[in-house]
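# Per-entry structural report
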Amino acid sequence: MQDGIRHFTDLSALSSADLRGLLTDAAARKTDLKAGRRSRPLEGKVLAMVFEKPSTRTRVSFDVGMRQLGGETIMLTGTEMQLGRSETIADTAKVLSRYVDAIMIRTTSHAKLIELTENATVPVINGLTDDTHPCQIMADILTYEEHRGPVSGKTFAWVGDGNNVLHSLLEASARFSFNVNIGVPDGSEPQQKFVDWARANGGNVRLVQSAEEAVEGADCVVTDTWVSMGQEHRARGHNVFLPYQVNERLMQLAKPDAVFMHCLPAHRGEEVTDEVIDGSHSVVFDEAENRLHAQKAILAWCLGA
Ligand code: CP
Ligand code: NVA
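Since this is a predicted model, take the numbers as computed values, not measurements.

Read across the open sheet, the 5 strands follow the order E7-E6-E5-E8-E9; overall the sheet is parallel. Since the sheet does not close on itself, it has two edges, and those belong to strand E7 (204-208) and strand E9 (259-262), each with one partner. For this sheet the average axis-to-axis angle between neighbouring strands, irrespective of direction, equals 20°. The strands that helix H5 (residues 134-148) touches are strand E5 (155-159), strand E8 (220-223) and E9; relative to E9, the one it contacts most, it runs at about 165°.

Taken as a whole, this structure holds 1 cavity of 30 Å³ or more when the rule is applied. In this structure, the largest cavity occupies an estimated 60 Å³ of space. Lining the largest cavity we find Asp-161, Ser-188, Trp-226, Val-227, Ser-228, Gln-231, Arg-234, Ala-235, Arg-236 and Phe-241.

A few words on the site of ligand 2. Every residue near ligand 2 is listed here: Leu-128, Asn-163, Asn-164, Asp-224, Thr-225, Ser-228, Met-229, Cys-263 and Leu-264. Asn-164 is positioned such that a nitrogen or oxygen atom in its side chain is 2.8 Å from an oxygen atom of ligand 2. Here a nitrogen atom of ligand 2 and a side-chain polar atom of Asp-224 are 2.6 Å apart. Protein burial of ligand 2: of its 270 Å² of free accessible surface, 94% is covered by the chains.

All residues in the neighbourhood of ligand 1 are listed as Ser-55, Thr-56, Arg-57, Thr-58, Arg-106, His-133, Gln-136, Cys-263, Leu-264 and Arg-291. In the model, a nitrogen atom of ligand 1 is placed 2.9 Å from a nitrogen or oxygen of the Gln-136 side chain. Protein coverage of the free-state accessible area of ligand 1, which is 260 Å², stands at 95%. Applying the majority rule of atoms within 2 Å of the grid points places ligand 1 in the largest pocket.

Analysis parameters
Residues numbered from 1 in each chain as written. Chains lettered and ligands numbered in written order. Predicted model: local features only at pLDDT ≥ 70, side-chain atom pairs only at ≥ 80, totals over all residues. Heavy atoms only, no water. Pairing = 2+ DSSP bridges. Helix = DSSP H or I, 4+ residues; strand = E, 2+ residues; numbered from the N terminus. Axes fitted to C-alpha atoms, helices over the stretch in contact; angles between N-to-C directions. Contact = heavy atoms within 4.5 Å. 1 Å grid on protein atoms, 1.4 Å probe; cavity = no way out; pocket = protein on both sides within 12 Å on 5 of 7 lines; lining within 4 Å. Points joined across faces, edges and corners; volume = space filled by probe spheres on them. Near = heavy atom within 4 Å. Polar contact = N/O pair within 3.5 Å; in protein donor to acceptor, adjacent residues only side chain to side chain. Areas by Shrake-Rupley, 256 points an atom, 1.4 Å probe, with all protein chains shown as cover. Sits in = over half its atoms within 2 Å of the grid points.

Structural data, given as C-alpha cells:
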C-alpha cells in the first residue's frame, strides 16, 4: 500500500495475511468460474497493459481475467508508445493514470516499475521485471496447494539459473514459510539481496553445490529457462547448465510424490526433458491456468472490488 493505493509490485511488499487472502480469493474465483457463477465487480474499469518484453501467458491471462471480472483492457507495447521514443516512465505514469483504473507492466529494470508506482495515481501490477515475477509465484503456490495441500514446511528445489522467478520464490518462502534449496552453476546465483531478505524474514534458504543435493528429498522441483528475456548478453554455454537439467534421473532424487513446476515457456531438451515436463509429476499447465485465477484475485484486490 502506498498513498492508499494498492500496488502489487512484489511479494515482499505485502504481508503474509494479505498474500494468503489473495490465494483464498483466487481459489474461490476458480471454483465459481468452473461452476458457472460469474460476477462482474470491475464493470466499467479499464486496465492498461504495457509490455516491453514478449508474453503469452501474462498477456492473455490478464486480458481474459479482466474481461471475466467485467472490465476491459488496453494492450500497449513499449515500441508503439512514446516510451519507445524516450518519454519518461514518470510522465507516462501520470498520463495513463488520467485515463485508466490500473496499469500492469512487464518491463526490464525493476527501477522502472518502482518509478511507475511512485508516479501513478492508480494501482500498478508487476507483470515481470528483470528482478522479479510475483504473479507467477502466486499462481505457483496456488497450484502446489491444490495438488499437495499447505505449502508451509515443504521444500522447493530450484535448479538452473538463479533468475527473476527464483527471486519471487525466495520472497514467497518467507511469506508462506517453506524451504528453498538452490542448486545453480557458479556465477548463476540469485542476487544476494533476495537471499538475505528471505532469511531475515524467516525463510529457510540453502545454496548447495549440485542439482542432486538441491533436489534430494524435495517436495517440489522448479526450473526455468537458462537465458531469461533481455539477459542474452550474459548467456553462458549450455554445458555449464547441463548438469542442472531436470530429467528423470534428477526427479527420482526428489520425494516420490514431488511435483515438477516451470513457469513456461519451456526450452524442451535444455532445462527440462520431455519425459519430465509431460510426465506424471508435472503440473505446468495447471500453473499456467492458475495465472488467470490468481491475477483475478490480484486485480480485485488492487481495485478494491
Ligand atoms: N510465465 C510467463 O510469464 O509466461 P509469458 O512470458 O508467456 O507471459
Ligand atoms: N525467467 C524468464 C521468465 C519468463 C516468464 C524470463 O524472464 O525470461
